[in-house]
Amino acid sequence: MKSILLDVSKDSHIGFKDLETHISIAPLISFVKERMQNVRSVNKKYFENLLYKLEHEFDLKGNIALADTSNYENLFEEIYNFLVPPASDESQVYLALSAPIKPTFFYGTDAFYDLLFKEGTDCMNHEAIEEYAPSQKKEIIQIYSFILEKLYGFPPHPARSIIISVKAANSILKKYYKLDIDNTYVNVSPKGELPEFDLNVVRESWQKDFDINSILELLPLSHFKFEGFSVIKLEDITISQTVEHMKSLIIERASYSDSAYHQEIVNSLKSLTGDSELHFDLVPLLKVNDEVVLNPDNLCNSQLFRHTFNGDTEKNTYINFCKEYFKNPSMIFKPSLEMASCGENQFDLKLLKSEFKSLAIVPVVSKKEVIGILICYSKNENAINEVVMGQLHTAISVIAQSLEHDIEEFHHKIENIIREKYTFLQEAVEWKFKEAALHYMDERLNSSLIKKVETVSFKDVYPLYGAIDVRNSTIERNNAQHTDFTFQFAALLKTLKFIQQHFNHDLTDKLTARSEKFQERIIKNEYGGDELKIQNFLDADIHSYLNEVKIKFTNSEGLELIEKYLSLSEESGEGHVHRRGFENDMQTINSTVNRYLENSKGKLQEYFPTYFEKFRTDGVEYDIYIGQSIEPKKTFEKAYLNKIRKWQLISMAEIAILNEALLPMLSLPLRTTQLIFINPGSIDISFREDERRFDVEGAYNIRYEVIKKRIDKVKLKGKDERLTQPGKIALVYFDTQTANEYIPYIKDLQAQGLLLDDLELLELEHLQGVNGLKALRVGINLNSETNIVQ
């Protein structure tokens, strides 16, 4: 026990200097007398003896001056024995006596003072002690709660714990303590008349956000005096508070970098165990394409990995151990690696030669599933023992939350790399991009050089190309625009000529002349290539001019003409009716085709995983890729390719039937053409990062792309007839043998009534760089009652 005066009230913000306090044992004597009236005979004898000592054995004449407290050590020791059970271990008791209400300590246990003092001194260690929760407001509430309870009969305000953290010297370790202030042996009295006030005002403030200034003004502390002593207790709550701190780290994780967050978690585990020389690895169970992988960030943070498994071979040893461990996870507890029986695997043998002497590996479970492991290791033999394992167990649920977040964050990073470097993925090829993203993360961690993501490619895949085009869409678009322009310029010139007659404006003549020239070219249909120029003239020059004239023009007939023109020139107006009708028709057709193809994707994946990519033109084009490299885990057979080839024929026929059914709802009789290109063999494709899509690879394979782009308007050899025709399916090919594979599918669909019995074998004109093209063409039974899923 120590009798040392330690005044920390000078550090307070609440003005303890205004408090009149007196150290006295009178409240304690009153407390003992009251207890003597209510205790049994066994305890009564103890209280009688204590009362006698307090009243007769200590030379007390009133209050004890703060400066004289060291003269009363025997008295304070008697009080300590009264407050603390005899069997308590004094070295673990953090208790002190202080002036009433004020944090001025004058007597306490060695443990209490050692905690607050700098080592080897009697000076307060302010640097090591951190307030964990702001206490100024709590101190004010506690003092006024005491006053209101004792003098006004006010119910005591529920006290919130004050928590302080203490940092060990030359260490990152923290210990947390709950501060309890016991004012049982303190009396309070007013210095004059007891102030009167509306209790309801305080009661309302009590329940809301307590206003310190209002209560200090209403009941100044200088109006009261306090007698007795307060009992200060500190309770070690390091374990529970460290766990709470770890929970808050998880909640606030977004505000930390990965390395800073990991270090905070590790430091918390060190505080939990009280050993700054322990090391920890938190290894989440991560899977990419159902294979266990390790996050490069986890490896970077691991002392064990950096110091023991830092070469390429050793890295694989560490990774392979983790992969094998996850197959059959169980507790590994080796307080002394030198004494433990180790296996012959490379991981154990490498550990024996390392600087680490103690190890434990704990599987972390969430919802009955192992989600990761906690590896604890130390350079000190027997540093990891049953006590440490018990302390770690208290935090295992929080460690599980952290690992779950690691797993979620890892997959989020993989997805971000894929989105940033590649594109939105289809399930069939997603596995390949995940592998590439993982390699990118690994290389970026191990090199300071800027790394490019690897090229994702698939070898020997079979391409299937299809195009659904709207016949004469360009002609119909131009016709719609011509009709609208004709109508709009007629209305415009009528308006401008009226303005010329009734209003003087510098621009009128100039705009009228330009409008007449445009009208003349439109009537003659000689404005090709200038559509945007004409539209810009109408939208910018004419609109600006008419809006200016409208403000100054007073002629009602002229104003009506201006308003009418401005209304019809809006995109929703009469001057756009034909273009709007055409675009709506195109949207209706393309939406129907897209819906059909989207609904078909699932069926294609049932055959064999395929990559399916659509492109928007005036119609819809698509590429389908199928092959062993797209799904290595499932054996590819030619039968899967044949099923998709037959589906191509069925889908083209059904799309044409859907288009025919749409005709009554369209403003124009727009019909689709259906085109298939039959490639004679497999090709290689790779993902182009700049265009965010797959493209062919190699000079020979590029021929496939060239043909695709040139066959949409190809004509029959020696004729002016286009190959693609509404109501028909055209199949372009080089290799007769490959094309002949489609003949049985066509005959089957003819037998079913989906296709007409009019199959043609055609030769096609020479195209630039492409010779020897041929085609099959077959009619579609547009009246077929096929089951089309929409």
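Just above sits the structure.
Residues numbered from 1 in each chain as written. Predicted model: local features only at pLDDT ≥ 70, side-chain atom pairs only at ≥ 80, totals over all residues. Heavy atoms only, no water.

Of all five residues in strand β3 (residues 94-98), five are buried, a share of seventy percent or more. Residues Tyr94, Ala96 and Ser98 line one face of β3 and the alternating positions Leu95 and Leu97 line the opposite face, and both faces are buried. Of the strand pairs in this sheet, β3 and strand β10 (residues 230-236) are connected by five bridges, and their pairing is antiparallel. Among the inter-strand pairings, Ser98 is bridged to a residue of β10, identified as Ser230. The sheet contact formed by β3 and strand β4 (residues 104-108) spans three bridges and is antiparallel. In the sheet register, Ser98 faces β4, and the bridge partner there is Phe105. (Buried < 20%, exposed > 50% of the residue type's maximum accessible area, 1.4 Å probe, protein only. Helix = DSSP H or I, 4+ residues; strand = E, 2+ residues; numbered from the N terminus. Pairing = 2+ DSSP bridges.)

Strand order in this open sheet of four strands is β11-β16-β15-β14, and the pairing throughout is antiparallel. Of all strands in the sheet, those bounded by a partner on one side alone are β11 (278-284) and β14 (332-334). Direction aside, neighbouring strands of the sheet carry axes that sit 20° apart on average. Of the pairings in the sheet, the one linking β11 to strand β16 (residues 369-378) comprises seven bridges and is antiparallel in character. Within β16, the position partnered with Phe280 by the bridge is Cys376. Here helix α9 (residues 258-273) sits on the sheet in contact with β11 and β16, set at roughly 130° to β11. (Axes fitted to C-alpha atoms, helices over the stretch in contact; angles between N-to-C directions. Contact = heavy atoms within 4.5 Å.)

Here the focus is the nonpolar core. Within the largest apolar cluster, 50 residues are counted, with the highest numbers of intra-cluster contacts made by Leu597, Leu649 and Ile729. Residue assignment for this core shows that the elements contributing at least two residues are β17 (457-470), α21 (577-607), β19 (620-626), α22 (638-662), β20 (672-678), β23 (728-733), α25 (743-751) and β25 (774-779). Looking at this core, the element that brings in the most residues is α22, giving 12 residues. Once residues within four sequence positions are removed from consideration, Ile729 is found in contact with Leu649, Met652, Ala653, Gln674, Ile676, Leu755, Leu776, Arg777, Val778 and Ile780. Residues Leu249, Ile265, Ile371 and Ala395 belong to the second largest nonpolar core, which totals 33 residues. (Core = buried A, V, L, I, M, F, W, Y, C linked by side-chain atoms within 4.5 Å.)

Moving on, we come to the environment of Ile644. Tracing the backbone through its elements, the reader meets Ile644 in helix α22. Separated by 180 residues in sequence, Ile644 and Leu464 place their C-alpha atoms 8.5 Å apart. The residues touching Ile644, leaving out its near neighbours within four places in the chain, are Leu464, Leu604, Tyr607, Thr610, Ile624 and Ile626.

Here the focus is the sheet that holds strand β8 (residues 186-190). The strand order across the open sheet formed by three strands is β2-β9-β8, and the pairing between neighbours is mixed. Where the open sheet ends on each side, the last strands, each with one partner, are β2 (20-23) and β8. The sheet shows a mean angle of 20° between the axes of neighbouring strands, direction not considered.

Now for unusual backbone geometry. For Ile101, which is not a glycine, the phi torsion comes out positive at approximately 70°. Structurally, Ile101 is set in the loop between β3 and β4. The backbone of Asn472 shows a phi angle near 60°, a positive value even though the residue is not glycine. Within the secondary structure, Asn472 sits in the loop between β17 and α17 (473-502).

This paragraph deals with the environment of Thr588. With respect to the helices and strands, the residue Thr588 is situated in helix α21. Using a relative accessible area of 31% as the deciding quantity, one classes Thr588 as partly exposed. Once the C-alpha coordinates of Thr588 and Met665 are considered, the two residues, 77 residues apart in sequence, prove to be 9.2 Å apart. If sequence neighbours within four positions are ignored, Thr588 has contacts with Leu662 and Leu666.

Here α25 has its buried residues at Ile743, Tyr745, Ile746, Leu749 and Gln750. Summarising the axial view, the buried residues of α25 lie within an arc of 160°, below the 170-degree limit, and thus occupy one face. Opposite the buried face of α25, by more than 90 degrees, sit the exposed residues Lys747 and Ala751. Of the surrounding elements, those touching the buried residues of α25 are α22, α24 (736-740) and β25. Looking one or two residues beyond α25, the residue adopting positive phi is Gly753, at roughly 90°. (Arc of directions from axis to C-beta.)

Attention now moves to the packing of α21 against α22. As a packed pair, α21 and α22 sit with axes 10 Å apart at the nearest point and diverge in direction by 155°. Compared by their axis directions, α21 and α22 come out roughly antiparallel. Regarding α21 and α22, the two cross each other, and that crossing is right-handed. Note on element contacts: α22 touches α21 through Tyr640, Lys643, Ile644, Trp647, Ile650, Ser651, Glu654, Ile655, Leu658, Asn659 and Leu662, opposite Thr588, Ile589, Thr592, Val593, Tyr596, Leu597, Ser600, Leu604 and Tyr607. Residue composition of the contact of α21 with α22, grouped by class: 13 nonpolar, five polar and two charged. (Parallel < 35°, antiparallel > 145°, perpendicular 65-115°, else oblique. Left-handed = near helix turned anticlockwise from the far one by under 90°. Nonpolar A, V, L, I, M, F, W, Y, C, P; charged D, E, K, R; others polar.)

This next bit is on the packing of aromatic side chains. Any aromatic ring pair is given by two values, namely how distant the centres are and how the planes are angled relative to each other. Overall, the coordinates contain 30 aromatic pairs when judged by the stated rule. Summarising the aromatic geometry, the rings of Phe608 and Phe636 are spaced 5.3 Å apart at their centres and angled 75° between planes, so their arrangement reads as edge-to-face. Within this pair, whereas Phe608 is found in the loop between α21 and β18 (611-616), its partner Phe636 is found in the loop between β19 and α22, the two being separated by 28 residues in sequence. In this structure, Phe608 and Phe636 share a single accessibility class: buried. Ring plane angle 45° and centroid distance 6.3 Å describe the contact between Phe636 and Tyr640, whose orientation is recorded as tilted. Each member of the pair, Phe636 as well as Tyr640, carries the same accessibility label: buried. These aromatic residues form a ring-pair network of at least three members: Phe31, Tyr46, Phe47, Phe82, Tyr185 and Phe229. Sitting above the plane of the Tyr640 ring, Lys634 keeps its charged end 5.3 Å from the centroid. (Phe/Tyr/Trp six-rings, centres within 6.5 Å; stacked < 30°, edge-to-face > 60°. Lys NZ or Arg CZ within 6 Å of the ring centre and 35° of its normal.)

What follows concerns the pairing of β16. For β16, a buried count of eight out of 10 residues is recorded, marking the element as mostly surrounded by other parts of the structure. Alignment of strand β15 (residues 358-366) against β16, held across nine bridges, turns out to be antiparallel. Bridged to Ser358 within β16 is Ser378. Taking the residues between adjacent antiparallel strands as the criterion, β15 and β16 are bridged by two residues, where Lys367 takes a positive phi near 55°.

Everything listed here is a matter of coordinates, which is why it stays silent on function.
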